[in-house]
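# Close look at the chain arrangement
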Amino acid sequence: MLLFKTSKDTLPAVVMFAKHVQRPSAAPGEVILIAQTRDELQPGQKAIQFRMELLGIHGDSKKESNAIWGRSWNYIVEGYNCLPLKTPFDIADVQVTNRNYQQGGTFFHVDPKDVQAIVEGRYLEIAPPASYV
């Protein structure tokens, strides 16, 4: 499982196109949690509101990122099933390890113990279709 951080400004395009700009080591089908950066959250809003699965990663030779986000990136993460979560959450509220997911880069591999807590807590369930609008 991966955790991708994204700004409030880029989040709508990430969700709409099921794409992100990273180059993690990951396998197709791996779950990606989409988190809005904390400094841009509204009071009470949870950072992780969407999930998707990884289709693949490719170089952005066609400048697709520029067309989507207005900025050029080297790699594109292709996803599928980018859907809103039934229960948005903050990883800090769910994790069982001491891993710091806040500091550092824009993506993280989630510790397997934290993945288990997320799965067991049923945080990967998607919202009912009526709430997609």
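Everything below is about the structure shown above.
Quick look at the structure, then. (Residues numbered from 1 in each chain as written. Predicted model: local features only at pLDDT ≥ 70, side-chain atom pairs only at ≥ 80, totals over all residues. Heavy atoms only, no water.)

Within the secondary structure, Lys 8 is located in the loop between strand E1 (2-6) and helix H1 (11-17). Its relative accessible area of 43% is what places Lys 8 among the partly exposed residues. Taking the C-alpha atoms as reference points, Lys 8 and Arg 38, 30 residues apart in sequence, are found 9.4 Å from one another. Not counting residues within four places of it along the chain, the set of residues in contact with Lys 8 comprises Gln 36, Thr 37 and Glu 40. (Helix = DSSP H or I, 4+ residues; strand = E, 2+ residues; numbered from the N terminus. Buried < 20%, exposed > 50% of the residue type's maximum accessible area, 1.4 Å probe, protein only. Contact = heavy atoms within 4.5 Å.)

This paragraph deals with the sheet that holds strand E3 (residues 31-36). Taking strand neighbours across the sheet as the criterion, the 6 strands line up as E2-E5-E4-E3-E1-E6 in an open arrangement whose pairing is mixed. Of all strands in the sheet, those bounded by a partner on one side alone are strand E2 (19-20) and strand E6 (107-109). When E2 meets strand E5 (residues 75-89), the two strands line up antiparallel, connected through 2 bridges. When the bridges of E5 are listed, His 20 appears paired with Val 77. (Pairing = 2+ DSSP bridges.)

What follows covers the pairing of E5. Alignment of strand E4 (residues 48-59) against E5, held across 9 bridges, turns out to be antiparallel. Note that in E5 the partner of Phe 50 across the bridge is Pro 84.

Tracing the chain through its elements places Tyr 101 in the loop between helix H3 (91-94) and E6. Taking relative accessible area as the criterion, Tyr 101 reaches 1% and is therefore assigned buried. The spacing of Tyr 101 and Ser 61 is 40 residues in sequence and 30 Å in space, taken between C-alpha atoms. Sequence-distant contacts of Tyr 101, defined by excluding residues within four places in its chain, comprise Leu 3, Lys 5, Ile 91, Gln 95, Phe 108, His 109, Val 110, Asp 111 and Asp 114. A distance of 3.0 Å separates the side chain of Tyr 101 from the backbone nitrogen of Asp 111, its partner in a polar contact. A polar side-chain atom of Tyr 101 sits 2.6 Å from a polar atom in the side chain of Asp 114. (Polar contact = N/O pair within 3.5 Å; in protein donor to acceptor, adjacent residues only side chain to side chain.)

For the rest of this paragraph, the subject is the packing of aromatic side chains. A complete count under the given rule lists 3 aromatic pairs for this structure. Ring centres 4.8 Å apart and planes at 50° place the aromatic pair Phe 89 and Tyr 123 in the tilted group. Of this pair, Phe 89 sits in strand E5 while Tyr 123 sits in the segment after helix H4 (112-120), placing them 34 residues apart in sequence. Residue Phe 89 is classed as buried on the basis of its relative accessible area, which comes to 3%. (Phe/Tyr/Trp six-rings, centres within 6.5 Å; stacked < 30°, edge-to-face > 60°.)

Across soluble globular proteins, nonpolar side chains have a tendency to be buried as a group. The biggest cluster of nonpolar side chains holds 19 residues, and the ones touching the most others in it are Met 1, Leu 3, Leu 33, Ile 48, Val 110 and Ile 118. Of all elements in the fold, only E3, E5, H3 and H4 reach the threshold of two or more residues within this core. When residues no more than four places from it in sequence are discounted, the contact partners of Met 1 are Glu 30, Val 31, Leu 33, Phe 108, His 109, Val 110, Val 115, Ile 118 and Leu 124. In terms of nonpolar packing, the next biggest core, distinct from the first, is built from 18 residues, Phe 4, Val 14, Ile 68 and Cys 82 among them. (Core = buried A, V, L, I, M, F, W, Y, C linked by side-chain atoms within 4.5 Å.)

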